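# Understanding the architecture of this molecule
Given next are the chains, with one letter for each unit.
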Amino acid sequence: MTTTTDSVRALSPDDASFKAARGLCAVRQWPLLGRNDEAIWGECQGSGSKPYQTQVDLRADTPSFRCSCPSRKFPCKHGLALLLLGVEQAAAFQSNAPPAWVSEWLNARAERSEKKAARAAEPTSAPDPQARIRREAKRHQRIAQAAVDLQRWLTDLIDRGLGSMNAGQRGEVEAMAARMVDAQAPGLAARLRELALEIGSGEQWIARALAQMGLLQLACDGIARREALSEALRSEIDAVAGWSVDKAELLASTPAVNDHWTIVGQRVSELDNKLSERRVWMYGANTGRFACLLDYRFAAAAFDRHYIVGSGFDGALHFHPGFAGLRASQGEIKAVLPPRWPQLDLDQLLDGVAERVARSPWLWWQPFWAQGAQLERVDSVWRLHADGHVWPLQISAPSAFELLASSGGQPIDVYAETRGEALVPLSAVSADGLWQCH
Amino acid sequence: MSLSTVELQLLRAATIGTARAPAPAVEEGDPVIGLLAQIQTGSESPAVALLRMAATTATLRLAAQLPQRAAIPDFVPAPAESLPLLDPGLARELIECLNDAPPRLQIELLQRVTAAGRRLPPTLLPALLDAGRRQSVLRDAIRAVGGARGRWLAQFNDDWRFAVGVGETVDREARWLHGSLEERLDALIQWRSEDPDAARDKLVGVYATLPAKERAVLLAALAVQPQKSDQPFLQQTLADRSRDVVDRALGLLLRHPDSDHASRAGERLARFIDANGSIKAPEEADTGVGWKADGIELKRPKNDSLGDRAWWLYQLARQVRPDWWTQRWQCEPAAVLKRCKKGDWNEALLRGLHESTLACADQPFVEALLAVLPNHLHPPLLTLLPLAARERWWQARLAKPKEFSALLQEICTACAPGESIGGVLAKGLVETAVVHMADARLRYHYDLRYQLPELVSLLPLEALTPIEQLANRDDAEILGNPWWRQLARIIDLRRRFAGLDASPALLGPGP
């Protein structure tokens, strides 16, 4: 990865960390600065007598950090500052052999990486395939029983009538969500938590809640008939229930879809219990395919890999089994390329939406691309016009004004994600360059 | 039966409860309705049927959803940009600075960007305008940096009204008619420089329609090239309902020593200030037309420290020019103040003299008042002195080390953003500052720790080397200390932005 100031900013866990790192970008604060082809390192003087030892491993696509400071953020401000210095004041670094505290860490990392590669290269035979089959069968049983309980509970609510429910009864829904977690069906639990938020919320809440409950019923039906489904639909139902896919197995068992991929948008959503979900959207210029890479992190930890919106690469994605054909994982990257943004008209876009919904009505988010679009503000509501149509936007006021400023009132190309009516803009290309939602 | 009808029936049944009122049977119809009918009859209970039908209709809606049709609204895009972009890293540092640096530094950096003929990346314009919303003192500089795109953007947010205008490139008449209040004042001042009477007539023409705040602001234009013909209008303005307008009108009239108002005010005060030096206050207010017409406030405000008679005396005193006193008593300003300070009416007289001195910018009285008034009243007086006179005053105070913090406070308040001090005074300030900064007890001197970053923002760059060397020492206590880093950062930013003219422009689209 070519490190730039922007890529360092992308690595920051939050704006405050980047700002704090900026405050450490004076060479005199670093009594020791060194680099070689594999890493950069430095000692940063803090308020104590002993400076912090900070180092960054540059060998992989994404840098890895280590610092002796007590910060819980990752990467910490010292790591970010070291990288910034490496970009902006490279001459301040001495090119020499790393000190022991750097070389020992690099060697240990190389050893671990070799062992991991060796394990991956070994024939993939589970320690005890029978034990795994038994475990999976047990989990399927639990999920099936949970689905029966869920269906009973859903029908009970419908029998009683949703009109008698109010926000005070969200706890009842959340209790059922907890039951799903116990049954190892986190996907169903997540949908129930979404349903809980709808109860008593806004004017049309019953219509929205009913749609969500209907899809939960459909999921229960799918789980009940799992064995009779096609392999693709079975994988889809498993994903809805919350089965995760082992990445190494996925890369080994699914075909690589090679293309000129462009990162068109990304968004981090805070889930409950300090868990964050990141959706990275990509578009393949040759296949015309959209892909969504999902990652999770806990608290202030960093994601495994960092993506810069508006960058492109020649490489592979591996699509997860299932019917929707949207979720993917990163495969090999061969080369960095300039971006190639979608060239889709509205009909093509809406056809894509319809096809994906037909394959999986449970999709959380769909990709959306509007070319030559214009922003409009009506009172405090933001809308996007394109191709003779208009969509409401779900966007914060600061982001909306940034987008408006970037467009200057001229047509722009906007990438967004959507769950139906409203669009959530994630990036836009204008004559003045790229805007992305923070 | 249509899909919408089925959906309504489902919604009704789900609201009431299928135990009480299941959804009615779906009649066969088109394939979609037929599918729903099939689901309904094939489900094990009305509740399960309803849920499955709801899932089906929701999926159909998602798949077939068409966006609302609408014509693109009429939109006037922003004017094309011609200026090159500021370096994105510097631009981001500027925006960060607008959150937490001394206002003087913020204004300097903004002015450097404008002077270098650069513009900000458009995505940073909202943050720039927000800074102007928070701090009105930055608005002039922000308007300049924001440029045409900033003015265009500002129209979409009421909080950024201050930046909405028609720009310097538009003719003056358009600015007077359609510009922001600041633009209209600017246009009026320009007219005033060319044709004072015509400018005044423009103001008079709209005056009655203006709200009080705008009346007060636009009156300031009449300070440019005062004319005898201004006097009737200013006299009339003394009867305004707004106290602020009256104060400003009085201040302007005081610049006309030959006016009828000046004669009346002098005669009025002469009844209470004897030529031999005796001073008395009015026994009662004159409730006739005379006092009111001249803007004299009869009723003392409740929380004012003066008594009624002192209040009236103060009102009369502020209506005359400072040189009335030197003529009345035939003595110098310092002697006038010495006499005023004696006796029961000193507060009223000093207050009146202070205000009339500020209005007339009478330099001998400014210097005399500086010697007798408390420190917190000095800054507005100091701004009336030429910089050289101010520096002499401060140079003398520099010799009193215990007053260093108060002196810094005065200098920082009296020097407008963009003003600097140089030469001997700057050197003296830096030498004294370095002594304090090297003292370990500085950590307890909160005033000084607050003022020193402001001072570092004010002094000329070439004078800052000793402070810069101190802040850049390789000393563990300094390196780890955010306050020292703040000083070093201020100096570093000032140097980098001062170098903007020499740096290559970043052309083309920014990030």
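In case you missed it, the structure is sitting above this.
Presented here is an overview of the structure given in this document. (Residues numbered from 1 in each chain as written. Chains lettered and ligands numbered in written order. Predicted model: local features only at pLDDT ≥ 70, side-chain atom pairs only at ≥ 80, totals over all residues. Heavy atoms only, no water.)

### Structural notes on a negative patch on the surface
Among the surface-exposed residues, A:D345, A:D347, A:D351 and A:D387 lie close enough to one another that they form a single negatively charged patch. Given a relative accessible area of 40%, A:D345 falls into the partly exposed group. (Patch = residues over 30% accessible without salt bridge, like charges linked within 9 Å, V, L, I, M, F, W, Y side chains within 5 Å. Areas by Shrake-Rupley, 256 points an atom, 1.4 Å probe, with all protein chains shown as cover. Salt bridge = Lys/Arg side-chain N within 4 Å of Asp/Glu carboxyl O. Lys, Arg positive; Asp, Glu negative; His and termini not counted. Charge placed at Lys NZ, Arg CZ, Asp CG, Glu CD. Buried < 20%, exposed > 50% of the residue type's maximum accessible area, 1.4 Å probe, protein only.)

### Concerning the interface of chain B and chain A
Note: interface size is frequently given as the accessible area lost on complex formation between the parts. With 58 residues of chain B in contact, the opposing surface of chain A contributes 61 residues. Both sides together, the interface formed by chain B and chain A hides about 5100 Å², and carbon and sulfur atoms give 62% of it. Run the count over chain B and chain A and you get 4 salt bridges. The closest approach of N and O atoms between A:K19 and B:D100, which form a salt bridge, is 3.3 Å. (Contact = heavy atoms within 4.5 Å. Buried area = accessible area lost by both parts, 1.4 Å probe.)

### Some words on the packing of aromatic side chains
All names here are of chain A. Under the defined criterion, the tally for this structure stands at 15 aromatic pairs over all chains. Both rings, one in W261 and one in F319, keep their centres 6.3 Å apart while their planes meet at 50°; by these two values the pair is tilted. With a gap of 58 residues between them, W261 in strand β6 (residues 257–270) and F319 in strand β9 (residues 312–319) connect regions that are remote in the sequence. Across the pair, F319 and W261 agree in class, each one buried. An aromatic cluster is built from W281, Y283, F290 and Y415, whose rings are joined through pairwise contacts. Positioned over the ring face of W243 is R139, at 4.0 Å from the centre of the ring. (Phe/Tyr/Trp six-rings, centres within 6.5 Å; stacked < 30°, edge-to-face > 60°. Helix = DSSP H or I, 4+ residues; strand = E, 2+ residues; numbered from the N terminus. Lys NZ or Arg CZ within 6 Å of the ring centre and 35° of its normal.)

### A word on the sheet that holds β9(A)
Pairing is mixed around the closed barrel formed by 5 strands, whose spatial order is β6-β7-β8-β10-β9 (chain A). Averaged over neighbouring strand pairs, the angle between their axes works out to 45° when direction is ignored. (Pairing = 2+ DSSP bridges. Axes fitted to C-alpha atoms, helices over the stretch in contact; angles between N-to-C directions.)

### Comments concerning the pattern of salt bridges
Residue and element names in this part refer to chain B. Enumeration according to the criterion identifies 60 salt bridges over all chains in this entry. A salt bridge links R172 to E194; the nearest nitrogen and oxygen atoms lie 2.8 Å apart. Taken together, the residues R172 in helix α8 (residues 172–178) and E194 in helix α9 (residues 181–194) connect sequence positions 22 residues apart. A residue is classified by how much of its surface remains accessible, and R172, at 19% relative accessible area, is buried. Counted as one network, the salt bridges with shared partners bring together R192, D197, R200, D201 and D230.

### A short note on the environment of B:Q68
Locating B:Q68 in the fold gives a position in strand β1 (residues 68–69). B:Q68 sits in the exposed class, given a relative accessible area of 52%. Residues in contact with B:Q68, not counting those within four places in the same chain, are A:R383, A:G388, A:H389 and A:V390.

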